[in-house]
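Tertiary structure, described
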Amino acid sequence: MEFSHFLSALTPLNFALALFGVVAGTVIGSIPGLTATMALAILVPITFSMEPASALILLGAIYTGAIYGGAYAAILLNTPGTPSAIATTFDGYPMAKRGDGDLAVALACFASVFGGLVGAIALLFLAPPLSQVALAFGPIEYFWLSVFGLSLIASLSSGNLMKGLVGGAFGMILSTVGVAEISADIRLTFGSQTLIGGFGVVGALIGLYCVPVLIDLVAVPDRHLKVEEGVKTVRIGEAFALATRSKFNLIRSSIIGTLVGILPGAGGSVAGLVAYSEAKRTAKPDQKFGEGEPNGIMATESANSATVGGGFIPTLVLGIPGTPPDAIVLGALLVQGVRTGPAMFSQSGSIVFTFIYGLIIATVLMLPAGLLIGRYAYKSIVTVPKAVLVPTVGFMTIIGTFAIRNSVSDVIIMLCLGVFGWVVARFGFAASPIVLGLILGPIAEQGFVQGWTIGAATNNLFGMFFGRPISQGILLFTLITLILPLIVQWRKSRRFEEANQ
Amino acid sequence: MLRRTLLKTTAAAALALTFGVQAHAELNGPVNYIIPFGPGGESDISARLQQPFFAEKFGQEMVVSYQPGGGGAVGWASLNGLNGDGQTIMGVNLPHIIIKPAQKDVGFTTDSLNAFYMFHFTPDAIVVPANSPYQTLADLVNDAKANPGQVTMSGSGKASANHLAQIKFDKMTGALTTYVPFKGTGASVTALLGNQVKAQWGYTTVGAKQGDAVRMLAVAMEDRHPLFPDVPTFKELGYDMVGGAYRGIALPNTASAETTAMWSDMIGEINADPAFRQKMLDGGFAMLDISAADMPAFMADRVAEYLKDAREAGLIK
Amino acid sequence: MTPPSAMKSGGQIGSLLASLFFICAGLITLYDTTSYTDRDSQVFPQTVAIILVVTASFSFIARFLKPSDEGGFGTGIWWRRALLIIAMFLMGFLIPKIGFLPAGVVAFSGGLIAAMHERWSAKTFILYPISGAVVITAFYVLFKFVLYVPLP
C-alpha cells in the first residue's frame, strides 16, 4: 500500500486509460442492450499488449463508467441502460417528466462517484476481511436474499401490494422458461425452439420498460420531457447542495452497495433495490419516493456504483468473480500470467494496488466527465424533436436486443414483451416487479434447491433454512419490510380516528 | 518432344493450380469465437489463452463472446444456424454434447455438431478446503460409508462431467455421497470455500487456481499432473477413473471441408506451440490433440463410453 | 359510492382480464410441471405458480368487489401506436430477409411517421429522414465494426 503504487497509477498512460475507459464505459452503459460485460469482452484483446496494471485500470474504468451510464437512459427514457439502473427509474423518470431531468442526471453523477469511491476504498483497506463475507453466504442465504428482494418489490409497488406480488411471481415464472440450469428439464417452451433460450434479462428490460414508453409517446402530441424555460446553467450547484444534505443516505447506500457487490452473483440491480428500499423506509414525511424524490436516485446510483469496488473484493482476494465483468477481468489477468486466486494479493501486490488506485482515479475522473456527458445527453434528449427521438430509440432497442445474442427471435420476443408490458401496465401491473422477478428467480431457485439438497442430506432441513444466523437476519429484515408499513398505516388511521372523535 | 513436355508441364501446372486454389480456404476479417457459457469458466479461460496466440500466428482478431443458457444447450442449438463461412466458431464440451441430446430434445444432436478439434481436457478431481478433516481420499470414502448421504459434494451442473464422476465413484466405492449442483465451477468453488459443502467434484484447474486454499485428494488421470506431483491419481488408489471434461471447438455444419481442415490446422498449430502448452499446464489444464482427422474415431469412443456411463448412472434410459 | 358506470368501465374490465390472464398463466405453469422428470426442477415453478394464482385471484376479487374507474388505455391516437409497433415488428421479420440496414430504414420511417404530430414542412421533411439515416448508419457502424456484432 505504498505511495509508489499511487504514483504508478498516475502515469500519463494509466491516467489516459482511466479517462478513456470512463468515457467509453459511460457511453456504452447508456445504450440499452449494451452491457459492461459486452464492452469488456470486446476490449480484452487490447489489454494483452499492456502491463497487467494498466489493463486492469482500463477494464475497471470501463466497468465504472458503464454502471454510471445506465442511469441516463433510466432517467430520460425510463429504460435502465444496464440492469443495475432499474431502481433509478423509480424516481429518475418522474423527475425528468416534471422538468428536473438535468438535476437528476447531475445527482446520479455525484452519487455514482461517491458510491464508487466508497467501494474502491473498501477494496483498498478492507478487502481480505470483507472477502469472508462472500464465503459466508451460502445457497440458503441467497434464497432468503431473493425472498427479501421480492418483498421489497411488493412494498415498493406503492398502493398495490397484490399487483406487485403478481408481477414478481410472473417474472419468476418467466425466468424458468427454457432449459433448466439445475437439472436437464426443459420448461415452459411448449415445444418451441425459439423459447429454449428463455427470456434474457436485458431483452426483457428493454421490452418491458422502453417499448411502453415509446407507445405512449407516439400517441400524444405533447413533448417527451418538460423543459424548464429560463434555466440556463446546468443545475450542478443545486445537485451538489442536495448531495451534501443527504450525506447519511449516500453513506448508507454505498455501504449496502459494497456489501451486495461482494456477494457473487447478486449484482448492481439487487444493490440498487435494497438501497432504495432502505432509503424509502427511513424517509422523512416530506420525501415522496416514487414521485421524483432526489434521495431515491442518490440511493440507487451510489449503491450500484459501490458494487464495482465491492465486486472486486472476492475477485482479487479469492479468485471468485463477484459479477460477470469481474470474470472477464480475471480472464484477462490469467492471460497476462498473473496468478489469480488467494495468492494474488501477496504475490502480485503491486499490480493489485496500482489497479485499486487507478480505479479510484477513474472514479474521480467520472465526476467532470460524467457531468459533461450527462449535460450533453440531457440536452440532446430534450431538444431532439419527438418525431426523431421515437424512431431513434425504437431502432436502438432493436439493435441493442439483437446484439445480446445475435438473435432476431430475441428481438421479436422483446417486442412481444413490450406490447404485453404496456397492456398490463395500463391496468396496474408495473414493469419493475416483473423484471426484478426475472432477475431474482434463478437466484431463488438455485438457492432453494441447493439448500434443500444439502439440508435433506444432512437431515437438518429446518436448521438449514431457519437456523443460520445470516439467514435469520435477512428473514427478520424481510418481515420488517413487509409488516412495518402496515403497522405505520394502522397507527396513522388510528390517530386519524382519534383526532376525529 | 519439346511440345509434349511443354504440354505435360502446362497440364501439371494447371492441375496444381486448381487443386491449390480449391484446398486453400482463407480467413477474411475478425473471427467470432462464441462460448456457450458465461464468462469465467474453463471454456472461457482456455479461449482467452488461445486469443493472443491466434492473433499473433494468423494476423486476425479473435473476438470472444458469450451466449450462456441451459448449460450450453442454447449456444449449441443455435450453432448450425450460424454462418458457415469460417468466421464463426463455438466451443463444445464433452460430456455435455453427448448426454444432453440423449436426455431430451434440446435443439441439437451430437452428430450434427461439426467439432473439428479437441484441444484440452480438465481431469476430474476431488477438492477439499485446506482446513478440511479429510487428508486423504480414504478419509472421505470412510466418512461417506459411515454416514451415507451426509458427505455433500458440490459440482457444476447436472448430468455434467462432475455429476457423472460423482455417480461413477459412488458406484465404485459403494458409498453414498450427495451431489449438490451449482451453476458453473466458480459457484461450486465458492460453496466449497465457504464450507457449505464438505468437498467438491471439480477439476485440476480448481487446484491450480486456488493454490493453498484447497487440497486435492485425487485426480482422474493416467499419471500425476506435472503441477501437482503430490496428488495421487485415482488409479493409484485403486479406482479406475480417468477422465474429465473435454473441450474443443466446432464450426457450423454448413462449413466446407476446406474450411474445417483449415481451422483444424490453425488450432492444431496453436496447440503445438510450447508457450501455449505451458500456459495451459500452469493453469491446471491437460492437453489433448484430437484434430479433425481423428475426430470421428474419438467421438465414437466417447459417445459409447458416456452413454454407457450415463445409462448406468440412471441419467438416461 | 362507486358510480354504476365504473362496473363496466374499460379500466375495470381490463384490470379483471389482466388478473385473469395471470391466473391462467399460473395454472398453465402448474400443468407444465407435471411433465418434468426431475423433482428438483418442479419445486420452484410449482411454488411460484401457486403464489401467482393466489395473488392474482386476490387481485381479481378485490377489484371485483370494489369497482373503480382506474386504469384503462386512456386517450391517445391508436393508429400511431399501431404503426409504431407494426414497423418495429416488421423490422424484426425483415432483418434476416433484406439485411439490417434496409430493415432499419423501414422501422425508422414507420416510427417517424407515427411520432410526427405536427404538419410536415419542407425543412422537417428533409431534415428528419436525413437525421434518421445518420442515426441508423452511426449505430450500424458502432455495433458492426467497433463491437464486432455480426449484423446481417
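Going by the structure above, here's the rest.
Now for a description of the structure that goes with this document. (Residues numbered from 1 in each chain as written. Chains lettered and ligands numbered in written order. Predicted model: local features only at pLDDT ≥ 70, side-chain atom pairs only at ≥ 80, totals over all residues. Heavy atoms only, no water.)

Moving on: unusual backbone geometry. Residues Leu-94 of chain B and Pro-95 of chain B are joined by a peptide bond in cis, for which omega reads 5°. With respect to the helices, strands and loops of the structure, Pro-95 of chain B is situated in the loop between strand E3 (88-94) and helix H4 (96-103). For Leu-188 of chain A, which is not glycine, the phi torsion reads 55° and is therefore positive. Structurally, Leu-188 of chain A can be placed in the loop between strand E2 (186-187) and helix H8 (201-219). A positive phi is found at Asn-195 of chain B, a non-glycine position, where the angle reads about 60°. Summarising the element assignment, Asn-195 of chain B is placed in the loop between helix H7 (185-193) and strand E7 (199-203). A residue is classified by how much of its surface remains accessible, and Asn-195 of chain B, at 45% relative accessible area, is partly exposed. (Helix = DSSP H or I, 4+ residues; strand = E, 2+ residues; numbered from the N terminus. Buried < 20%, exposed > 50% of the residue type's maximum accessible area, 1.4 Å probe, protein only.)

Quick look at the pattern of salt bridges now. Taken as a whole, this structure holds 15 salt bridges over all chains when the rule is applied. Across the pair Glu-141 of chain A and Arg-468 of chain A runs a salt bridge whose closest N-O atoms are separated by 2.9 Å. Of this pair, Glu-141 of chain A sits in helix H6 (residues 139-156) while Arg-468 of chain A sits in the loop between helix H19 (461-466) and helix H20 (469-500), and the two are 327 residues apart along the sequence. Residue Arg-281 of chain A is joined to Glu-278 of chain A by a salt bridge in which the shortest nitrogen-to-oxygen separation is 2.7 Å. Linking Arg-281 of chain A with Glu-278 of chain A, this pair stays in helix H11 (residues 267-281), spanning three residues, or about one helical turn. A single network of salt bridges, built from pairs that share partners, joins Asp-216 and Arg-426 of chain A together with Arg-81 of chain C. (Salt bridge = Lys/Arg side-chain N within 4 Å of Asp/Glu carboxyl O.)

When the terminal C-alpha atoms of helix H15 (residues 349-383) of chain A are compared, their 49 Å separation across 35 residues agrees well with the 51 Å that a helix rising 1.5 Å per residue should span. Where H15 of chain A bends most, at Leu-367 of chain A, the angle is about 35°, and the proline Pro-368 of chain A comes one to four residues later. (Expected span 1.5 Å × (residues − 1). Bend = angle between axes of the 7 residues up to and from the residue.)

Moving on, we get to the packing of H6 of chain A against helix H7 (residues 161-176) of chain A. All names here are of chain A. Across the interface, H6 lies against H7 with an axial gap of 7 Å and an inter-helix angle of 140°. Compared by their axis directions, H6 and H7 come out oblique. H7 is crossed by H6, and the crossing has right-handed handedness. Contacts between H6 and H7 involve Leu-150, Ile-153, Ala-154 and Ser-155 from the first element and Leu-161, Gly-164, Leu-165, Gly-168 and Met-172 from the second. (Axes fitted to C-alpha atoms, helices over the stretch in contact; angles between N-to-C directions. Parallel < 35°, antiparallel > 145°, perpendicular 65-115°, else oblique. Left-handed = near helix turned anticlockwise from the far one by under 90°. Contact = heavy atoms within 4.5 Å.)

All right, on to the nonpolar core then. Residues Met-118 and Trp-263 of chain B are the most contacted members of the largest nonpolar core, which totals 303 residues. For this core, the element with the most residues is helix H5 (residues 88-136) of chain A, which contributes 22 residues. In this structure, Trp-263 of chain B is in contact with Leu-27, Val-31, Phe-54, Gly-86, Ile-89, Phe-116 and Leu-251 of chain B, ignoring residues within four places of it in sequence. Core analysis: the second largest hydrophobic core is formed by 20 residues, Leu-137, Met-153, Ala-175 and Ala-220 of chain B among them. (Core = buried A, V, L, I, M, F, W, Y, C linked by side-chain atoms within 4.5 Å.)

With that out of the way, let us pick up the packing of aromatic side chains. Tallied over the entire structure, the rule returns 41 aromatic pairs over all chains. For the pair Trp-76 of chain B and Phe-108 of chain B, a centre-to-centre distance of 5.8 Å together with 65° between the ring planes defines the contact as edge-to-face. Taken together, the residues Trp-76 of chain B in helix H3 (residues 73-79) and Phe-108 of chain B in the loop between H4 and strand E4 (114-129) connect sequence positions 32 residues apart. Both residues of the pair, Trp-76 of chain B and Phe-108 of chain B, count as buried. Both rings, one in Trp-201 of chain B and one in Phe-234 of chain B, keep their centres 5.9 Å apart while their planes meet at 15°; by these two values the pair is stacked. Residue Trp-201 of chain B is found in strand E7, and its partner Phe-234 of chain B is found in the loop between strand E8 (214-219) and strand E9 (244-251); the two are separated by 33 residues along the sequence. Across the pair, exposure class does not vary: Trp-201 of chain B and Phe-234 of chain B are buried alike. Here the aromatic cluster, defined as three or more aromatic residues joined through ring pairs, consists of Phe-143, Trp-144, Phe-448, Trp-452, Phe-462, Phe-465 and Phe-466 of chain A. The ring of Phe-429 of chain A carries Lys-163 of chain A above its face, with NZ or CZ at 5.2 Å from the centroid. (Phe/Tyr/Trp six-rings, centres within 6.5 Å; stacked < 30°, edge-to-face > 60°. Lys NZ or Arg CZ within 6 Å of the ring centre and 35° of its normal.)

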